Amino acid sequence: MPSVQNHTATSPKPQTETQSSTTETQTQNQNNPIESEIDFSKIDDQQKTRLNLERHRSCELERSIFEISSPLIPSSPKHPLKLDKLRIINSDNNNNMQTISSPKINGGSCVNTPLFSHGFESNPSMAEAWEALKRSVVCFRGRPVGTIAALDPSEESLNYDQVFVRDFIPAGLAFLISGEPDIVKNFLLKTVRLQSWEKKIDRFKLGEGVMPASFKVLHNPILNKETLVADFGESAIGRVAPVDSGFWWIVLLRAYTKSTGDSSLAELPECQNGIRLILALCLSEGFDTFPTLLCTDGCCMIDRRMGIYGYPIEIQALFFMALRCAVQLLKHDKEGKELIELITKRLQALSYHIRQYFWLDLAHLNDIYRYKTEEYSHTAVNKFNVMPDSLPDWIFDFMPNKGGYFIGNVSPARMDFRWFCLGNFVAILASLATVEQSEAIMDLVEERWEELVGEMPLKVCYPTMETHEWRIVTGCDPKNTRWSYHNGGSWPVLLWLLTAACIKTGRPQIARRAIELAESRLTKDSWPEYYDGKLGRYVGKQARKYQTWSVAGYLVARMMMEDPSHVGMVSLEEERGVKGTLRRSASWTN
């Protein structure tokens, strides 16, 4: 979760001054708060989601999987949250502008519906999680457009009162699964509209396709006017633009389309153009000799200096997944077909590169250990001239006989052997990992349970950096001390990715074990952002309580276990039509 920079109501970003279309339209209809930037009426009636959401055929897994009911959650009908009339306004007034945020934890709910607890009376954790998620909803001109990052009344909000694109993904999935797609639709349309804003850091203009890291709603009580303030990285730690936001946006758009069976949203000119602009940033020709994306530190979930500069696996896996989703979402007109052709070529090169050079198992580790250096020719085995002496001592004990994973980074003379959870699980869901590699990743999780899961799932990366390495790589970052935050901290939000990967690989028992661990702590600890310690035993020293994506990650994990067909929203089949990745394993009910 990005931290410590505050968008105050007194100092809105320059974009609000340049967006005349937003403010002008708002003043025209102060008494009729309809959406100004996008005409929702064209698509609102396209397809209404019923109480029990009927899944699109292509979203389903094999019939044998979703006929199984998980013992974790009692069988019950879905009860939608009815978010269509939400409105949240903070009473803080500064220079006639107020931040739109959720009420305090102990205050009244912004949702004018009863507590969402029907069917979960026997599971207080689920009921509490739903109520916390409802309270986090943010509205713009009467419509829900996202969820704020955290609702911790004991801490200064800083930028945790904003709607972050990456943070909303598990919340959006939870709303889709529960039969509430409208908030997801509004979020997708609002963020793609923000994409068109002029984006400058100092005197430098960012690429047109860059998506915001976050946005917040400001309210002028005198003019009765609401405006949006977006952050494209100019207020983030290190002033880094979010590379992952655009990829997550495409993934969520595909999830919305799969969940509702409604393709009209993706076919809107705004969304089609948004996809093209995002991909234009990634597919443009340059000096790169690799199909992977070159990135700086702090460009994704790990948004502080952590030595991930280069070609981090999280970005490469999300890039691959977004490309595959884009192929399904783009119209097959002349412009779309040309872009799809470019995507197809890039996917082939990217999948080969990642599978060949990022993969590590015992056999590959032994090969690297025996590498020769200074090889000049096309027949070179050590293509990146990696020095065997650079192998860290911990990797030899960490690598089991059975198992493997995609390492964190590969670039000239450098291999980052750290395990990064998000990149590996996204690789499974996107079928960037082969069937065999997917199985090996899950084998590694089982074999190294204490290291990667411990007492609270899951380690965002492993192992930690400390002493001299920590000082050099993080710049003595006091937040990323050993076994804390991004430096080996444990993040409950990652539970939904683990669960989806477990279901896809036929290993639900792994997810069940992790969910039970998390459930024993999360409610008692007030849904913290992250945990500290080698085993994840302690609530993070700077962790916010009631962190929305911790709540949503737990909810999505539980609902996926109840109905595994929901994994189809975020899972992509092997291109050659392999069904084995979604087969039901014999251990499903173990």
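The sections below set out a description of the structure shown in this document.

Conventions adopted
Residues numbered from 1 in each chain as written. Predicted model: local features only at pLDDT ≥ 70, side-chain atom pairs only at ≥ 80, totals over all residues. Heavy atoms only, no water. Helix = DSSP H or I, 4+ residues; strand = E, 2+ residues; numbered from the N terminus. Buried < 20%, exposed > 50% of the residue type's maximum accessible area, 1.4 Å probe, protein only. Contact = heavy atoms within 4.5 Å. Areas by Shrake-Rupley, 256 points an atom, 1.4 Å probe, with all protein chains shown as cover. Axes fitted to C-alpha atoms, helices over the stretch in contact; angles between N-to-C directions. Left-handed = near helix turned anticlockwise from the far one by under 90°. Nonpolar A, V, L, I, M, F, W, Y, C, P; charged D, E, K, R; others polar.

Moving on, we come to the overall build of the protein chain. Scanning the protein chain for helices and strands turns up 20 helices and 14 strands. Out of the 590 residues belonging to the protein chain, those deemed buried represent 63%. Put simply, of all contacts in the protein chain between residues at least 6 apart along the chain, 74% involve residues at least 24 apart. For the protein chain, the accessible area works out to roughly 23,200 Å², and carbon and sulfur atoms hold 48% of it.

Next up on the list: the environment of Arg512. Among the structural elements, Arg512 can be located in helix α19 (residues 508-522). With 13 residues separating them in the primary sequence, Arg512 and Thr499 have C-alpha atoms 8.0 Å apart.

With that out of the way, let us pick up unusual backbone geometry. With glycine set apart, most residues show a phi of negative sign, and most peptide bonds adopt trans. Residue Pro457 is joined to Leu458 through a cis peptide bond whose omega torsion reads -5°. Within the element layout of this structure, Leu458 appears in the loop between α16 (449-452) and β12 (461-462). In this model, Tyr462 is joined to Pro463 through a cis peptide bond whose omega is 0°. Secondary-structure assignment places Pro463 in the loop between β12 and α17 (467-474). Backbone geometry at Asp202 places phi at a positive 60°, although glycine is not the residue there. In this structure, Asp202 sits in the loop between β5 (200-201) and β6 (204-205). By relative accessible area, Asp202 is classed as exposed at 77%. For Thr467, which is not a glycine, the phi torsion comes out positive at approximately 50°. For Thr467, the position within the fold is in helix α17.

We now examine the environment of Pro412. With respect to the helices and strands, Pro412 occurs in the loop between β10 (404-411) and β11 (414-420). Those residues in contact with Pro412, other than ones at most four positions away along the chain, are Phe290 and Phe384.

Quick look at the packing of helix α14 (residues 421-429) against helix α15 (residues 435-447) now. Where α14 meets α15, the axes come as close as 10 Å, and the angle between the chain directions of the two elements is 145°. Seen from above, α14 lies across α15 with left-handed handedness. Residues Asn424, Phe425 and Ile428 of α14 form the contact with α15, whose participating residues are Ser438, Ile441, Met442 and Val445. Here the residues of the contact of α14 with α15 sort into five nonpolar, two polar and no charged.

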